[in-house]
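# Inside the fold
Residues per chain are reported as follows:
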Amino acid sequence: MLKYVLKRILLAIPVLLGVSIIVFLIMRVFSADPAPVVLGQHATAEAMEAWRDANGLNDPIVMQYVNFITGALHGDLGESYYTHAAVTDELLSRFPATVELALVAIVIAAVVGVALGVVSATHKNSPIDGLATILALVGVSMPIFWLGVLLIILFAGVLHVLPSSGRIDPLLAPVGGTGLYLLDTLLSGDFEAFADAASHIVLPALALSMYSMAVITRMTRSSMLETLNEDYVRTARAKGLKKRRVDIHHALRNAMLPVTTVIGLQLGSLLGGAMLTETVFAWPGIGKYVVDCILKSDFPVVQGAVLLIAVIFVVINLVVDVIYAYLDPRISYGKEEG
Amino acid sequence: MTMADISRRRFVQAMGAVSATSVFALVGCNSQRASEADGGEGDASESGIADTITFAQGADPRGLDPAYVDDGESAKIMCNIYDTLLAYDTETCDIVPGLAELPDVSDDGLTYTFKLHEGVKFHDGTDCNAEAVKKNIDRQLEPNRTEDMPYASFVFGSEASGSGVASVEAVDDTTLVITLRAASTPFIKNMAMALAAPVVAPSAYENGANSIENPIGSGPYKFVSWSKGENVVLEANEDYWNADHMPQTKNVIFRFIAENSSRVTALTNGEVDIIDGIDASVVPTITDAGYELFDEDGMNINYMAFRNDSGAFTDVEARRAFCQAVNVEEMVQSLYGEYAGVATSVMPLWMAPYDEDIKQTAYDPEAAKQTFADLGITSCTMLAYTNPRPYNSIGGQALAEAIQGYLREVGVEMEIVSYDWTTYQTKVETDAFDCCLYGWVGDNGDPDNFMNLLADENVSMNVGRYRSEEYNALIQQGLATEEGDARNDIYKQCEQMVADEMPWMVISHSKNLAGYSPKVQGFFYHPTGVVHMEGVTKTA
């Protein structure tokens, strides 16, 4: 297993290099000149040229890339053109918000999605199955932006029972810690702040989980149906085991293999930043921030963020593969490699 | 223990965790809503004034050191943290004393002597004296100035232009002498601006300190924290030196909510008390919910520039025909409703030199049609931006299409080439075009700040490349003339030249719009685009 993990990590290097080259070229070739944005409406042509020189934008593009990747390898992603802050600091200050939202959303999506999928499969062609199918269809086809606005209008605009935006009352925000407000407030025993943070995350997490929930429901249903038709399941039933025990203990575990992949990939997407959800709910994560930086041609931030997102995808894919081995004892990466 | 057992247990644990979160969430909702039902702020002071006011704006500040930023979102926060040598009057651009009394100006207009208030301290307890002010200006003068100080050359001038600050001298703790390279009447207004001019404590930027994220000023509010993408928290400076402007509310929070409609919902849901950056489309939602609307004339101009050096409109008769073809009044009312005024001058109508007798070219489509036919003009190209701008809330594309419709009526097909604002700023400098949309938000309330655009050598400022020695001479004369009727006459002559020669087709002046809770008192959106929060209160 260790050898397999090491091999996967080595394979990630060309993937990350490829991603960095592509995003570097896209930003340099298709993006607008950042000088007017950075220097503002009073900038002269001479000042803009001096700024481009100072920031290496007049160097040959290969040299610019080499400088960027050398810095990245040393953990230095440069400074934001626009705010002068270190890119790593800018991303790290926003990353906990993205992680917290993604984790809560994926937990909701996985729990509800798997439950709905199992019920749907074990009650195939029943009204419950039909309802689950309709829910999944709605979840896949409804744009998150629109769903977010509907949730805000209903729960904040009409019923006034939930906040429409933000992460927490700023005066209750925990200082230091992990940056995950739910966890930090819980660990510090500040239940007022925890309740406030929880009330803020309900709507964005619901909106964000809807698509993943629908995908997980459909995948669980089809995987369960396939597993329920396996010989060993029939044998288990023939032995007189209770239906619930057969469904959960015998069928669900095997059916979870492809579902685990889907959950992992969905989590990867959510950690990459949920731009629309973050915009609608004013959630201070990296998704919306990166889009803002693309519009401002803030090259260092965009390059750093895309690299970070690529690393997240690679790591999550690796974790999913390792979980495979745990869920299915027949899989042993070590033996395959040996 | 089997693997199946572990899976089931974890599944049950996960379900339990989600249930617990949901319960806490509901408790949170209920407690928050209960608090609001009890009268809004749970932290109200005994005086009946709420302890906290929350202002929601569209974006994070770029930074909180006035030397390094150029955006309104930063200015709104910074004007509450810092003081300036001089200040604008509460509701106008008239200059009043700030950290210093109004200066003594030498007869040649080159030497300004400021007398600072004694005993003023920065928020960290260091002295806010003449030496601190000198350091703050010196770091923005050449050769200390860096390219990323966007307003340094505007406020303090440059050697190349032969204008601005030549030297600064701290004579003693309370006496500061600033010497200019050339007489400049707008200089005194620059000293009140929210960008570049505010006085930052040297301890905030010396010895590697990061004044952009940890500002230290001497203003009515002290910086507490900045959660990127979320909020900036300020608290009242109980030791503020200016008794007439003591902060009335304990905490001021600036929250950042990008989406226009989300900002409005946050207001009507009681999450925030004041919002800005709104457009006319959300006004009914605000007023129907019983909230107040602030709408006062802004300090801006929305215009279309003709390319004066090449293309279809180098001839003044062609420009006149274009202006005759477009019914500006009808177009402005149709596109912006009551939230923008028809422009009859470059300067906003409320600024001192405005002269209602100066008229722009009247709508006359028949005359336009005849002139275009005579000149053989049947097509033209317009560059436009796509985004909404502070002076054009509907965005450039919609405005360009409206103009395109009027031109079609007189037999001219106009091609619109549009870009996002960032790209657009480069394209107006590099691409060929016949006319383009642009605009300007005033900086300091001085007429020179508007009229100088047409004398600027810099293409990014003077996008139409208008060149007139007569006009440039008037601008230079205005710079060196003291405020008063003589100076106003100079700018009226400039306005008359614009009306006669039409380097621009002036379109509209946008209003500053903001929504606020009826519990809020003392709110005023200054024409320069900032909000001083020290006098703003909210009923608990």
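## Some words on the overall build of chain B
- What chain B contains, in helices and strands, is 16 helices and 21 strands.
- In terms of overall size, chain B behaves like a compact globule, its C-alpha atoms giving a radius of gyration of 26 Å where 540 residues would be expected to give roughly 24 Å.
- For chain B, the spread of C-alpha atoms along the principal axes amounts to about 90 × 65 × 50 Å.
- Buried positions account for 51% of the 540 residues belonging to chain B.

## Some thoughts on the overall build of chain A
- Along the backbone of chain A there are 15 helices and zero strands.
- Counting only C-alpha atoms and orienting by the principal axes, one finds that chain A spans roughly 85 × 60 × 40 Å.
- A total of 338 residues make up chain A; the buried ones form 46% of that total.

## Examining the sheet that holds strand β8 (residues 175-180) of chain B
All names here are of chain B.
- Sheet architecture is open: five strands sit in the order β4-β5-β8-β7-β6, paired in antiparallel fashion. One side of each edge strand has no neighbouring strand; the edge strands of this open sheet are β4 (104-105) and β6 (157-158).
- Sheet topology places β6 next to strand β7 (residues 163-172); two bridges connect them, and they run antiparallel. Within β7, the position partnered with Gly157 by the bridge is Gly164.
- Contacting β7 and β8, helix α3 (residues 130-138) crosses the sheet at an angle of about 155 degrees to β7.

## Describing the packing of helix α5 (residues 87-122) of chain A against helix α11 (residues 243-271) of chain A
All names here are of chain A.
- In contact at an axis separation of 10 Å, α5 and α11 are set at 150 degrees when each is read in the N-to-C sense. At the point where α5 passes α11, the crossing takes the right-handed sense. Between α5 and α11, the contacting residues are Thr98, Val99, Ala102, Ala105, Ile106, Ala109, Ala110, Val114, Val118 and Thr122 on the first element and Asp247, Leu252, Val259, Ile263, Gln266, Leu267, Leu270 and Leu271 on the second.
- Residue classes in the contact of α5 with α11 are distributed as 14 nonpolar, three polar and one charged.

## Examining the interface of chain A and chain B
- Tallying the contact residues gives 58 residues for chain A and 55 residues for chain B.
- For the side of chain A that touches chain B, the elements supplying multiple residues, two or more each, are α2 (35-39), α3 (45-54), α5, α7 (144-158), α9 (191-228), α11, α12 (275-280) and α13 (286-295) of chain A.
- For the side of chain A that touches chain B, a count of residues per class yields 35 nonpolar, 15 polar and eight charged.

## Considerations on the environment of Arg263(B)
Residues and elements named next belong to chain B.
- Summarising the element assignment, Arg263 is placed in helix α7 (residues 260-268).
- The exposure class of Arg263 is buried, given the 26 C-beta atoms found within 10 Å.
- Separated by 179 residues in the primary sequence, Arg263 and Thr84 have C-alpha atoms spaced 31 Å apart.
- If sequence neighbours within four positions are ignored, Arg263 has contacts with Ala56, Ile257, Ile275 and Ile278.

## A short note on the pairing of strand β10 (residues 231-236) of chain B
Residues and elements named next belong to chain B.
- The sheet contact formed by strand β9 (residues 221-227) and β10 spans six bridges and is antiparallel. Across the sheet, Phe223 pairs through a bridge with Leu234, a residue of β10.
- Linkage of β9 to β10, two consecutive antiparallel strands, is achieved through a turn of three residues, within which Gly229 is found at a positive phi near 80 degrees.
- Examined bridge by bridge, β10 and strand β11 (residues 251-256) share five bridges and lie antiparallel to one another. Each residue of the ladder has a partner; that of Asn231, found in β11, is Arg255.

## Things to note about the nonpolar core
- Leu101(A), Ala105(A), Ala205(A), Ile216(A), Ala305(A) and Ala196(B) are the most contacted members of the largest nonpolar core, which totals 180 residues.
- For this core, the element with the highest residue contribution is α9(A), accounting for 21 residues.
- Counting 64 residues, the second-largest nonpolar core is a separate cluster that includes Cys323(B), Ile403(B), Tyr466(B) and Trp504(B).

## Overview of α3(B)
All names here are of chain B.
- Taken together, the buried positions of α3 are Ala130, Ala132, Val133, Asn136 and Ile137. Seen end-on, α3 carries its buried residues on one side only, within an arc spanning 160 degrees.
- On its buried side, α3 packs onto α4 (152-156), β7, β8 and α6 (202-205).

## Notes on the pairing of strand β19 (residues 504-516) of chain B
Residue and element names in this part refer to chain B.
- Burial within β19 is extensive, with twelve of its 13 residues counted as buried.
- In the sheet, strand β13 (residues 292-297) pairs with β19 via six bridges, with the strands oriented antiparallel. Along β19, the bridge assignment pairs Asp295 with Leu513.
- As judged from the four bridges shared by strand β14 (residues 300-306) and β19, these two strands associate in the antiparallel manner. Across the sheet, the residue bridging to Asn302 is Ser508, located in β19.
- In terms of strand pairing, strand β15 (residues 340-342) meets β19 through three bridges, oriented antiparallel. Its bridge partner lying in β19, Ala340 is registered against Ser510.

## Points about the packing of helix α1 (residues 2-30) of chain A against helix α14 (residues 299-327) of chain A
Residues and elements named next belong to chain A.
- Between α1 and α14, the least distance of the axes is 9 Å, while the angle of their chain directions is 155 degrees. On the basis of the axis angle, α1 is roughly antiparallel to α14. The chirality of how α1 crosses α14 is right-handed. Taking contact as the criterion, the partners of Val5, Arg8, Ala12, Val15, Leu16, Val19, Ser20, Val23, Phe24 and Met27 in α1 are, on α14, Phe299, Val302, Gln303, Val306, Leu307, Ala310, Val311, Val314 and Leu318.

## A few points about unusual backbone geometry
- Pro143(B) follows Glu142(B) through a cis peptide bond whose omega is 5 degrees.
- Unlike most non-glycine residues, Ser297(A) shows phi in positive territory, near 55 degrees.
- You can see Ser297(A) is positioned in the loop between α13 and α14.
- One non-glycine residue, Met502(B), lies in the positive phi region at around 50 degrees.
- Looking at where Met502(B) falls in the secondary structure, it is placed in the loop between α16 (485-501) and β19.
- Judged by local crowding, Met502(B) falls into the buried class, with 24 C-beta atoms found within 10 Å.

## Concerning α3(A)
Residue and element names in this part refer to chain A.
- Looking at α3, one finds that the buried residues are Ala47, Met48 and Trp51. Seen along its axis, α3 keeps its buried residues to an arc of 100 degrees; they face one direction. Those residues of α3 that are exposed and aimed more than 90 degrees away from the buried face are Glu46 and Asp53.
- Those residues of α3 hidden inside the fold are in contact with α2.

## Side note on the environment of Met27(A)
All names here are of chain A.
- Relative to the assigned elements, Met27 resides in helix α1.
- Assessed through the 19 C-beta atoms surrounding it within 10 Å, Met27 is described here as partly exposed.
- For Met27 and Ile69, which are 42 residues apart along the polypeptide, the C-alpha to C-alpha distance reads 15 Å.
- When near neighbours in sequence (up to four residues on either side) are disregarded, Met27 contacts Phe299, Val302 and Gln303.

## Concerning the confidence of the model for chain B
- A residue-level look at chain B finds 91% of positions with pLDDT of 70 or above and a mean pLDDT of 90.
- Note on residues 1-42 of chain B: pLDDT is under 50 here. Beyond four places in sequence and across chains, it has 42 contacts.

## Quick notes on the environment of Lys135(B)
Residues and elements named next belong to chain B.
- Summarising the element assignment, Lys135 is placed in helix α3.
- Overall, Lys135 belongs to the partly exposed group, with 18 C-beta atoms counted inside 10 Å.
- Sequence separation between Lys135 and Ser218 is 83 residues; the distance between their C-alpha atoms is 15 Å.

How each quantity is defined
Residues numbered from 1 in each chain as written. Chains lettered and ligands numbered in written order. Predicted model: local features only at pLDDT ≥ 70, side-chain atom pairs only at ≥ 80, totals over all residues. Helix = DSSP H or I, 4+ residues; strand = E, 2+ residues; numbered from the N terminus. Rg over C-alpha atoms; globule rule 2.2 N^0.38 Å. Buried ≥ 20, exposed ≤ 12 C-beta atoms within 10 Å, placed from the backbone. Pairing = 2+ DSSP bridges. Contact = placed C-beta atoms within 7 Å. Axes fitted to C-alpha atoms, helices over the stretch in contact; angles between N-to-C directions. Left-handed = near helix turned anticlockwise from the far one by under 90°. Nonpolar A, V, L, I, M, F, W, Y, C, P; charged D, E, K, R; others polar. Core = buried A, V, L, I, M, F, W, Y, C linked by C-beta atoms within 7 Å. Arc of directions from axis to C-beta. Parallel < 35°, antiparallel > 145°, perpendicular 65-115°, else oblique. pLDDT = per-residue confidence, 0-100.

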